Amino acid sequence: MSVGEFAERVGLTPANVAVLKNGRAKAVRFSTLEAMCRVLECQPGDLLEWVEE
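Residues numbered from 1 in each chain as written. Predicted model: local features only at pLDDT ≥ 70, side-chain atom pairs only at ≥ 80, totals over all residues. Heavy atoms only, no water.

By the naming in an unreviewed UniProt entry, the protein chain goes by HTH cro/C1-type domain-containing protein and is assigned to Dietzia cercidiphylli.

The structure is reproduced here in structure tokens:
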């Protein structure tokens, strides 16, 4: 799936998908996380990783 198609299906702009993809996001709305999981058919834990700074 292309970034553009993913962005459209989730309801984000391609620029915001790039922010998420590159790990620069400061926060993610639960509704966005839910939409991403629906599109990718996964669980939130498949997308998130905690990294100690």
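Q: Any chance you could explain the state of the cysteines here in plain terms?
A: Under the defined criterion, the tally for this structure stands at 0 disulfides. Take Cys37: it sits in no disulfide, and the sulfur closest to it among the cysteines is that of Cys42, at 4.0 Å. Under the relative-accessibility criterion, Cys37 is labelled buried at 9%. (Disulfide = S-S within 2.5 Å. Buried < 20%, exposed > 50% of the residue type's maximum accessible area, 1.4 Å probe, protein only.)

Q: Just to check I follow, could you spell out the pattern of salt bridges for this structure?
A: Any two side chains of opposite charge can pair, given that their charged atoms come close. Applying the stated criterion to the full structure yields 1 salt bridge. The shortest N-O distance in the salt bridge between Glu5 and Arg9 comes to 3.5 Å. Pair noted here: Glu5 and Arg9 are both in helix 1 (residues 3-10), with a separation of 4 residues, about one helical turn. For Glu5, a relative accessible area of 38% corresponds to the partly exposed category. On the basis of relative accessibility, which here comes to 45%, the residue Arg9 falls in the partly exposed class. (Salt bridge = Lys/Arg side-chain N within 4 Å of Asp/Glu carboxyl O. Helix = DSSP H or I, 4+ residues; strand = E, 2+ residues; numbered from the N terminus.)

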